[in-house]
Amino acid sequence: MEALDEIVKEFLVESYENLDRLDQDFVRLEKSPADRETLGNLFRVLHTLKSSAGMFGFQRLEKLGHAGEHLLGRLRDGRLALNSAMVTALLADADTIRGILRQLETSPTETAGDDRTLIETLHLLADGKPAPALPARSVPPASPNPPPLPSPVPKSLPAAPASSTAAGAPAARGDAPEVDELTREFVLETQENLAQLVRHLGKLEDAPGDHALISAVFRTLHTLRGNSSFFGFTKLERIARAAEDLLERLRSGALTLTLEMTEVLHDMVEVVRELLAAIQSTGRETPHEYRDLIACLAQLTGVTAGSPSRAPNKAAWPGPAAVPNLQSQLQEFPSPTAAGLSATATAAAPPADFQSQLGDFQPPAAAAPANSEPRAPDLAESTVRVDVGLLDSLMTLVGELVLARNRLLPFAADHAETAYVAATQRLDTITTELQERVMKTRMQPISAIWSKFPRLVRDLAHACGKQVNLVLEGQGTELDRTLLEAVKDPLTHLIRNSVDHGIEPPAARVAAGKPPAGRLLLRACHEGGLVIIEITDDGRGIDLARVRAKAVERGLMSAAQAAGLNDREAMDLIFLPGFSTAEKTTHVSGRGVGMDVVKTNLENIGGTLDLRSRDGAGTTLRLKVPLTLAIIPALLASCGGERFAIPQTSLLELLRLEPGPDGNGIELIYGAPVCRLRGQLLPLVLLSRELRLAAEPGEPGLPSGPASIVVVQAEGHRFGLVVDQIHDPEEIVVKPLGRLLQGVPCFAGATILGDGRVALILDVVGLALHSGVVERIRERPPAEETAPAGTTTEPEQTLLVFELGGAERMAVPLDVVARLEQFPRASIERTGGQEVVQYQSRILPLVRVAAFVAGCPAPEENPDGSVDVVVYAAHGRSIGLLVGRIRDIVRVPLKLQPSPGRRGLLGSAIVQHHVTGLLDLPGILQEAQPSLAGAGEIS
Amino acid sequence: MDRTHPYTTFRLAGLLFGLRASAVLELTRHRELTRVPLAPPTVAGLMNLRGRLVTVLDLRRRLDLPPGPADARPMHVVLNTPDGPLSLLVDEVGEVTELSEADFEPPPESVRGVARELILGVCQLPGSLLLILNPATVANLPPPPAAPRPHPTPARL
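So, a few notes on the structure that sits alongside this text.

Cut-offs applied
Residues numbered from 1 in each chain as written. Chains lettered and ligands numbered in written order. Predicted model: local features only at pLDDT ≥ 70, side-chain atom pairs only at ≥ 80, totals over all residues. Heavy atoms only, no water. Helix = DSSP H or I, 4+ residues; strand = E, 2+ residues; numbered from the N terminus. Buried < 20%, exposed > 50% of the residue type's maximum accessible area, 1.4 Å probe, protein only. Areas by Shrake-Rupley, 256 points an atom, 1.4 Å probe, with all protein chains shown as cover. Pairing = 2+ DSSP bridges. Axes fitted to C-alpha atoms, helices over the stretch in contact; angles between N-to-C directions. Patch = residues over 30% accessible without salt bridge, like charges linked within 9 Å, V, L, I, M, F, W, Y side chains within 5 Å. Salt bridge = Lys/Arg side-chain N within 4 Å of Asp/Glu carboxyl O. Lys, Arg positive; Asp, Glu negative; His and termini not counted. Charge placed at Lys NZ, Arg CZ, Asp CG, Glu CD. Parallel < 35°, antiparallel > 145°, perpendicular 65-115°, else oblique. Left-handed = near helix turned anticlockwise from the far one by under 90°. Contact = heavy atoms within 4.5 Å. Nonpolar A, V, L, I, M, F, W, Y, C, P; charged D, E, K, R; others polar.

## Structural notes on the overall build of chain A
Move 1: Helix and strand counts for chain A stand at 27 helices and 29 strands.
Move 2: A burial count over chain A gives 51% of its 939 residues as buried.
Move 3: Taken as a whole, chain A presents about 42,700 Å² of accessible surface, with 55% of it coming from carbon and sulfur.

The following block contains the structure:
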């Protein structure tokens, strides 16, 4: 019983994989409906599923599989033309199958369900009758009176041996009195392609070896052949196939282009044009047989063949299918398959019999698919399916081995015996190599998640009434499977955004001078130990004016602030929580849960997200994620006697503040420590205080000596982490914390260091939130008033904002502020009518600023009896300005509105949504301390 | 008649405790612990058990017993729990005793508070009273009083 379960499980896994490919193939088919290879693939997938389901007795699956297979069989044989109703029905089929499979995971039998409508629809379509339109995911009742299809398709076509040239050739087309839309399109397209082909042939005469040109010609012929067979134009098909065979050999290097070949190819173009002309006027091919041409092409292909063993076939039966599989299908579907194969045999000219062709299927390289797009890889003999859990435990073990090795190495360094040292070195190299290999086993190509996107984009585009061409580049780019899983949702979300918001509806695109169909490019590559994933659309781009307006509307900032943001900063607004510029919420996106979550999720795995956009020209999102999560580079730092690991990905720089005459440069603004870094204020988190490592609780934990600061970045905000000591970086193996420690903030896991001790890994984002350092930045008070949006951008200035008596807000430029101090009220002394305090063994004269500002009451003392003093330095002397509560340090565009007549003020401006007066410091000082006047003008 | 099972015994704060040996992974000597700041006080820290990360519980705190001497070098009784290994700090490891559940009596009235939930029963041994711990409840900490992490929930997109 258990063995059977195992088989069923395998069946499920395999079927899921196949279904995922199915989605992709269906979407590809919509673009090139005549792609026989894809049709063949699809047919095989459903056939396999049907057979396996039959074996297990899953009747619903079997019937659904059969219905889809039936329709696909007819499509593949060119007896039907694919239309979007068929694609929809087939997708619905695949969805229903997937639903049943999912349910089979948990229960041994299928659930009951009525698939009759769906199956009936598929059969109707297979019989060439229009079926009622199926919505993508549900099955409506069949309409009672299906109108007849314009071009009737014979119910069952006798297996026409393709070598018989004339019989039944133009299939259904012959009966059609007028040329239908599709055919006309085919003719037009082919004529265009031919013109290009002729150009390429011309160029090839000058450069007969040009591989790109040969490939281009080959592709044109390949398309022509596929389309012709799809429309049932057998003569065209045979001619194209013969030419294609020749080109295939040229492309593979088995032949080189001769003048004779070029001439024959030109002849071929003429013949094809003739046929096209006939089709355009009469809807059918000319009665002429063109045997000479085909023979000529075949001769050129075959006679000079360098290696006869090469598979010359290139057609009806695609890909390196396994032989037994092929044979079973032959038995079951004798007519179409045999016809297709013998067609190959004859058209491909060389006297290879069927058996030898079969032989050619076996070596995987021999019949490699013509284009490089990934098709069903038949790797059964060289690959083994391994449970992911096993890989994970293998990875863990290798992690242990790495740690064990790390512990051993120091001993070897002390050891004199060369044999021992050599043995450890060997162990070292092997471990490193093993680690690399095992990590590689966990790598999966990104196509594992991308495979869902063609379907997603198709469905989205349909839902939004848009046309989108999805282009995937770098599908083979590999990354760790846990990361793959982690980027899946963010990617899906970003793609949704691009289709829903980025790409415009066709009419709008045309009006903007773009092609009606938008282009969505997904590109992945490796770069410097990271995986880069780019999502580029050529849509409308991000309207920064809208973003700014939205930010103001949502109360995130004032209009003046919004106008003052540079483009980069405005773009970053998109990452604020709850931000959306969508005018209306669609079911696709625009609910405002979005970019911030995407960004956070990416940051959680050590990734970053970068956004570039040009208004009207499109948007590029650039994701950078590490290759693997299990082993990460980290910086070790100690604090309070413990060592902590800080992931390198969140690290910006390391600082060491030496104690100077003014202390070590760490200042407290109302308990919040800050320091200056290159003129900017850097909020600090004292690790010992945050993690309560200090022996004395309640101690602020400001370092007395030199301070070591690790500057990190969390959610786009910089802050400094004050630690006791910074050690060396190390590669660490991340281990999750046990259940009992799950709720503990600030830690992302733990690792075992080279000396065997455990070190906790700091979660920088968690730490930022826990300490409030980011919260403080995020929670700017929302604007209750908005000044009219400034059109000109004012120069930015950094201001120190404080209260001055009552709730009045005042500001001074930060440049003139040397330090912020608090003095106990009692320490203020008087000398010569002047208030002073002793400050750094000097005398600091104090100025009560409020007294010099018109209509401003004196500030109240702090509850603890201390006063706040802004130390102002000018001309080598310092003056203490006595102010009220210090609010903040902000960098804002300053738009000063003069307030004439108010003594002590230069004017007022809106800072952080509050009207804030800008002190006229020179004026005040002139009045208070004439000796210091002239200092501190505001720029 | 009654089947007996082996029980690992250990001393803690002058009391004798026992745990079903099948729940015990191993006994190890004192090891250096890494403190986990902000963790519940019952969590003594983390240790490296041959490359495995093991959470260590301060069993004295867990059982509401008075703290031990500062220079104590407690030993580890490592439990095998569904969430991985979990170590209990004990003063001294005793011998393994075969006991039958029929010998268990309900804990005496004098045992109150949290210990009552953790003690399956008591067993009269010559000269001492053996308190049998319930490994499942010992490993279950009361939910931390700390507020949940104010991290934005990575909602499904």
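## Regarding the sheet that holds strand 8 (residues 92-100) of chain B
Residues and elements named next belong to chain B.
Move 1: As summarised here, the arrangement of the five strands in space is 8-1-2-10-9, forming an open sheet in which the pairing is mixed. What marks the edges here is a single partner per strand, and that holds for strand 8 and strand 9 (119-125). Looking at each pair of strands side by side, their axes are set apart by 30° on average, direction ignored.
Move 2: Summarising the sheet, strand 9 and strand 10 (residues 128-133) pair through six bridges and their orientation is antiparallel. Bridge pairing in strand 10 places Ile119 opposite Leu133.

## What about a negative patch on the surface?
All names here are of chain A.
Move 1: Together, Glu205, Asp206, Glu260, Glu263 and Asp267 make up a negatively charged patch on the protein surface.
Move 2: At the level of elements, helix 6 (181-206) and helix 9 (259-282) are the ones that each hand at least two residues to the negative patch.
Move 3: At three residues, the largest contribution of residues to the negative patch is made by helix 9.
Move 4: By the secondary structure assignment, Asp267 is in helix 9.

## Quick look at the pairing of strand 4 (residues 518-527) of chain A
Residue and element names in this part refer to chain A.
Move 1: As paired elements, strand 2 (residues 468-473) and strand 4 share six bridges and run parallel to each other. By the bridge assignment for strand 4, Leu470 is matched with Leu520.
Move 2: Pairing geometry for strand 4 and strand 5 (residues 530-537), over eight bridges, is antiparallel. In the strand pairing of strand 5, Ala524 is matched with Ile533.

## Looking at the pattern of salt bridges
All names here are of chain A.
Move 1: Evaluated as defined, the whole model comprises 27 salt bridges over all chains.
Move 2: Glu69 is paired through a salt bridge with Lys50; the nearest N and O atoms lie 3.1 Å apart. With Glu69 in helix 3 (residues 59-76) and Lys50 in helix 2 (residues 36-56), the pair connects residues that are 19 residues apart, well separated along the chain.
Move 3: Overall, Lys50 belongs to the buried group, its relative accessible area being 10%.
Move 4: Close ionic contact of Arg455 with Asp459 constitutes a salt bridge, the shortest N to O distance being 3.2 Å. One end of the pair, Arg455, and the other, Asp459, are both in helix 17 (residues 453-464), four residues apart, so they sit about a helical turn from each other. Per residue, the accessibility class of Arg455 equals that of Asp459, and both read buried.
Move 5: One network of salt bridges, with partners in common, ties together Asp95, Arg98, Arg455, Arg458 and Asp459.

## Quick look at the packing of helix 7 (residues 211-231) of chain A against helix 8 (residues 234-252) of chain A
All names here are of chain A.
Move 1: At a minimum axis distance of 8 Å, the contact between helix 7 and helix 8 shows a crossing angle of 155°. In terms of their interaxial angle, helix 7 and helix 8 are classed as roughly antiparallel. Two packed elements cross with a definite hand, and for helix 7 against helix 8 that hand is left-handed. Judged by residue contacts, His211, Ile214, Ser215, Val217, Phe218, Leu221, His222, Leu224, Arg225, Ser228 and Ser229 of helix 7 engage Leu236, Glu237, Ala240, Arg241, Ala243, Glu244, Leu247, Glu248, Leu250 and Arg251 from helix 8.
Move 2: A breakdown of the residues in the contact of helix 7 with helix 8 according to their chemical character gives 10 nonpolar, five polar and six charged.

## Comments concerning the sheet that holds strand 4 of chain A
Residues and elements named next belong to chain A.
Move 1: Spatially, the five strands line up as an open sheet ordered 2-4-5-7-6, and their pairing is mixed. For this open sheet the edge positions go to strand 2 and strand 6 (608-614), each flanked by a neighbour on one side alone. Averaged over all pairs of adjacent strands, the angle between their axes in this sheet comes to 15°, without regard to strand direction.
Move 2: Here helix 17 sits on the sheet and contacts strand 2 and strand 4; the angle it forms with strand 2, its principal contact strand, is near 165°.

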